[in-house]
Amino acid sequence: MSATTIPELVCPAGSLRALKLAVDAGADAVYLGLRNATNARNFAGLNFDDQQLREGVAYAHQRGRQVLMALNTYARADDVATWYRAVDAAVELGADALIVGDIAVMAYACKTHPQLRLHLSVQASASSHEAIDFYRRHYGIQRAVLPRVLTLSQVGQVLRHTAVDIEVFGFGSLCVMVEGRCALSSYVTGQSPNNAGVCSPPSHVRWQDAADGVEARLGGLLIDRYGPDEPRGYPTLCKGRFAVKGRRDYAIEEPTSLNTLALLPELMRLGVRAVKIEGRQRSPAYVEQVTRVWRQAIDAAAAAPDRYRVEPAWTAALGHLAEGQQHTLGAYDRPWR
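Quick caveat, the model's predicted, so the values are computed rather than measured.

Caption draft 1: How the structure looks around the sheet that holds strand β8 (residues 205–210). Taking strand neighbours across the sheet as the criterion, the three strands line up as β8-β9-β10 in an open arrangement whose pairing is antiparallel. Each of the sheet's edge strands pairs with one partner strand only, and the pair in question is β8 and β10 (221–226). Recorded for the sheet is a direction-independent mean angle of 25° between the axes of neighbouring strands. Note: β8 against strand β9 (residues 213–218), six bridges, orientation antiparallel. In the sheet register, V205 faces β9, and the bridge partner there is L218.

This is how it looks when you write it as structure tokens:
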């Protein structure tokens, strides 16, 4: 791979305001979804109707940026037409690419709109070059978003053996399960990211005052308890704290944000074509601040990769925005291996 690959900065847009701030702060592309279950961030008050999407596409295109539409949930057997209509809408409204996970949706897009660029969603959970090549051969996928379960060397292995552009997550909430295959939420609520577009649907989340603090419940199940002044993350089962044999702790991994600023020159050397910021459910201010930091970092690494260093101001800015105000390299760095 080229030693001078400069990755695109792909930023989240849960609203038109967030889209405009991301573009103005230096995003090369924004990703967004419609206001229905076809995208994996189907929260009330977020996402785009047709008019907003049209306006957002125009705003981005006037400034030389791209709009990627996330159509990354799995079509329901009794309502596949909703997903097909979303494909048609993406084309009609001017999206530059679709981020897709369901092979039925890919097949429809490939057949009906062969000119439409397709990106393989992280929800497809393709973690090998063989899997990615399958989607390329059958559905014309031009980019694949890797799940956050691969080490840096494994990312390099994928890049060395595929002609498909590779996108990796750079910052944001870290999924600690097998992305695209997690069904924990559905055990408690009957809804999961792949069939309803949201993990821990807000309609099932309850915050209840208790004598010793605040309880977080999902579908009636107690999954965490916070002290009066303790920071509270959004309640998901995989990041809950549970009492086991007299000890109360995180069942799998405590809430913390992925932050790969330190790995940026290496990702560039490997040939990563895009770095993705997680957070369509976050505020426009979050999107603007994270985008601005990452724009500065990518520009610095591109200008002088051998002299690149993570600036303290970047770390401080991202620290205030991180989940649990903690950073990790996630699976990229596994010192126990």
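Caption draft 2: Main features of the side chain of T5. Along the chain, T5 falls in the segment before β1 (8–12). Relative accessible area serves as the criterion here: at 12%, T5 is assigned to the buried category. Discounting residues that sit within four places of it in the chain, T5 has contacts with M268, G271, V272 and R273.

Caption draft 3: Just unusual backbone geometry, in detail. The phi dihedral of N47 falls on the positive side, at around 80°, and the residue is not glycine. Tracing the chain through its elements places N47 in the loop between β2 (29–32) and α2 (50–62). Residue N47 is classed as buried on the basis of its relative accessible area, which comes to 2%. At K245, a residue that is not glycine, the phi angle is positive and equals roughly 55°.

Caption draft 4: Spotlight on the side chain of T38. Tracing the sequence through the fold places T38 in the loop between β2 and α2. Among the polar contacts listed, one links the side chain of T38 to the side chain of N36, at a separation of 2.5 Å. Discounting chain neighbours no more than four positions away, the residues touching T38 are A70, L71, N72, T73, T82, W83 and A86.

Caption draft 5: Broad picture of the nonpolar core. Among the nonpolar cores identified, the biggest contains 80 residues, and L53, M69, L71, L98, V155 and W294 are the most heavily contacted of them. Residue contributions to this core peak at eight residues, all from helix α10 (residues 284–303). Each residue touching M69, except ones within four places of it in the same chain, is listed here: L32, L34, L53, A86, A90, A95, A97, L98 and I99. Counting residues in hydrophobic clusters, the runner-up holds eight residues, among them V10, A29, Y31 and I99.

Rules of the game
- Residues numbered from 1 in each chain as written.
- Predicted model: local features only at pLDDT ≥ 70, side-chain atom pairs only at ≥ 80, totals over all residues.
- Heavy atoms only, no water.
- Pairing = 2+ DSSP bridges.
- Helix = DSSP H or I, 4+ residues; strand = E, 2+ residues; numbered from the N terminus.
- Axes fitted to C-alpha atoms, helices over the stretch in contact; angles between N-to-C directions.
- Buried < 20%, exposed > 50% of the residue type's maximum accessible area, 1.4 Å probe, protein only.
- Contact = heavy atoms within 4.5 Å.
- Polar contact = N/O pair within 3.5 Å; in protein donor to acceptor, adjacent residues only side chain to side chain.
- Core = buried A, V, L, I, M, F, W, Y, C linked by side-chain atoms within 4.5 Å.

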